[in-house]
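# Structural features, examined
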Amino acid sequence: NAGVMQNPRHLVRRRGQEARLRCSPMKGHSHVYWYRQLPEEGLKFMVYLQKENIIDESGMPKERFSAEFPKEGPSILRIQQVVRGDSAAYFCASSPPTGNPPQHFGDGTRLSIL
Amino acid sequence: RKEVEQDPGPFNVPEGATVAFNCTYSNSASQSFFWYRQDCRKEPKLLMSVYSSGNEDGRFTAQLNRASQYISLLIRDSKLSDSATYLCVVNKGSNSGYALNFGKGTSLLVTP
């Protein structure tokens, strides 16, 4: 029973490029959450998605960031025109439709901007 | 005011010591409370949920005081393997499902 799968584990981009981070939730989980952890900081909530719906994007930066969770396939966090300040660890978590809050995090994607 | 605030740390303790971490949260609508553990450059892992009546899991005891919006974690008989960053975590509230607010974390180093 695979856990939350994130890829890539490490991603290097140059300023101005696009970054795409993928998250496959645990089997049976239909809710996905993205968090960002800046160096030396705590995790910050970004966005909460269910299949084909964004439920809460209150933590997303207003520009350049978008997220989706299509009917088929993984959830995607997309960052356009990356800047140095986007360098961080991006973690995804998933939960089932009901019951306990998300307890399962993926290994994260470490994004480095040159 | 930050949504979740923790002791800044770091805590350096010898093996076998008892250590306590404190945390306060600002959103009175929060209903779920947790302690997570994060090892260096790894993902957060759930250590334990925190219930109003207090709960214990082996050497770990968690307490919650809703009136003062205060959460604590007590670790008894510290082991070297307990060295990590401990994150106080509170759910955001009704409109966000179970999206979580994390404290910045308190670093613990257990020494021989």
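Cut-offs applied
Residues numbered from 1 in each chain as written. Chains lettered and ligands numbered in written order. Predicted model: local features only at pLDDT ≥ 70, side-chain atom pairs only at ≥ 80, totals over all residues. Heavy atoms only, no water. Helix = DSSP H or I, 4+ residues; strand = E, 2+ residues; numbered from the N terminus. Rg over C-alpha atoms; globule rule 2.2 N^0.38 Å. Buried < 20%, exposed > 50% of the residue type's maximum accessible area, 1.4 Å probe, protein only. Contact = heavy atoms within 4.5 Å. Areas by Shrake-Rupley, 256 points an atom, 1.4 Å probe, with all protein chains shown as cover. Lys, Arg positive; Asp, Glu negative; His and termini not counted. Charge placed at Lys NZ, Arg CZ, Asp CG, Glu CD. Pairing = 2+ DSSP bridges. Buried area = accessible area lost by both parts, 1.4 Å probe. Salt bridge = Lys/Arg side-chain N within 4 Å of Asp/Glu carboxyl O. Phe/Tyr/Trp six-rings, centres within 6.5 Å; stacked < 30°, edge-to-face > 60°. Axes fitted to C-alpha atoms, helices over the stretch in contact; angles between N-to-C directions. Polar contact = N/O pair within 3.5 Å; in protein donor to acceptor, adjacent residues only side chain to side chain.

### Some details on the overall build of chain A
Check the secondary structure of chain A and you find 0 helices and 11 strands. Ordered by position in the sequence, the α and β elements of chain A form the string β-β-β-β-β-β-β-β-β-β-β. Relative to the compact-globule value of 13 Å for 114 residues, chain A shows a C-alpha radius of gyration of 13 Å, a close match. In terms of its C-alpha atoms, chain A occupies a principal-axis envelope of roughly 40 × 25 × 25 Å. Per-residue burial over chain A gives 45% buried out of 114 residues. Look at the contacts in chain A between residues 6 or more apart in sequence, and 53% of them connect residues 24 or more apart. Surface exposure of chain A reaches about 5800 Å², of which carbon and sulfur atoms provide 45%. Taking the average location of the 16 positive side-chain charges in chain A and that of its 11 negative ones, the two points are 6 Å from each other.

### Description of the pairing of strand 11 (residues 109-113) of chain A
Residues and elements named next belong to chain A. In terms of burial, strand 11 is a largely internal element, 4 of the 5 residues being buried. Examined bridge by bridge, strand 2 (residues 10-13) and strand 11 share 4 bridges and lie parallel to one another. Paired with Leu11 across the strands is Leu111, a residue of strand 11. The pairing of strand 9 (residues 88-95) with strand 11 spans 3 bridges and is antiparallel.

### A look at the interface of chain A and chain B
At the interface, 22 residues of chain A touch 20 residues of chain B. With both sides pooled, the region where chain A packs onto chain B buries about 1700 Å², and carbon together with sulfur makes up 56% of that total. Linking chain A to chain B there are 1 salt bridge. Residues Lys104 of chain B and Glu41 of chain A are paired through a salt bridge, measuring 3.9 Å at the closest nitrogen-oxygen approach.

### A word on the packing of aromatic side chains
Under the defined criterion, the tally for this structure stands at 11 aromatic pairs over all chains. When the centroid spacing of 6.0 Å and the interplanar angle of 70 degrees are considered together, the rings of Tyr35 of chain A and Phe45 of chain A count as edge-to-face. Taken as a pair, Tyr35 of chain A in strand 4 (residues 31-37) and Phe45 of chain A in strand 5 (residues 43-50) lie far apart in primary sequence, 10 residues in all. Note on accessibility: Tyr35 of chain A and Phe45 of chain A belong to one class, buried. Relative to Tyr36 of chain B, the ring of Phe105 of chain A lies with its centre 5.8 Å away and its plane at 85 degrees, an arrangement referred to as edge-to-face. Separated into two different chains, Phe105 of chain A in strand 10 (residues 104-105) and Tyr36 of chain B in strand 4 (residues 33-38) make up a pair that spans both. As far as the burial class goes, Phe105 of chain A and Tyr36 of chain B line up, both buried. Ring pairing ties together the aromatic residues Tyr35, Phe45 and Phe105 of chain A together with Phe34, Tyr36 and Phe102 of chain B, which thus form one cluster.

### Side note on the sheet that holds strand 7 (residues 65-68) of chain A
Residue and element names in this part refer to chain A. In spatial order, the strands read 1-3-8-7; together these 4 strands make up an open sheet with antiparallel pairing. If you trace the sheet from one side to the other, it starts and ends with strand 1 (5-7) and strand 7, each paired once. Across this sheet, the average inter-strand angle for adjacent strands is 15 degrees, counted without regard to direction.

### Side note on the pattern of salt bridges
Side-chain pairing between opposite charges can occur once the charged atoms of the two side chains come close. Scanning the model with the defined rule gives 9 salt bridges over all chains in all. Two residues, Asp86 of chain A and Arg64 of chain A, come together in a salt bridge whose shortest N-O distance is 2.7 Å. Taken together, the residues span a long stretch of sequence, with Asp86 of chain A in the loop between strand 8 (75-79) and strand 9 and Arg64 of chain A in the loop between strand 6 (53-56) and strand 7 at a distance of 22 residues. Residue Asp86 of chain A is classed as buried on the basis of its relative accessible area of 3%. In this structure, the salt-bridge partner of Asp77 of chain B is Lys79 of chain B, at a minimum N-O distance of 2.9 Å. Salt bridges sharing partners connect three or more residues here, namely Glu18, Arg20 and Arg78 of chain A.

### A word on the side chain of Ser94 of chain A
Inspection of the secondary structure puts Ser94 of chain A in strand 9. Of note is the side chain of Ser94 of chain A, whose polar atom sits 2.7 Å from the side chain of His29 of chain A.

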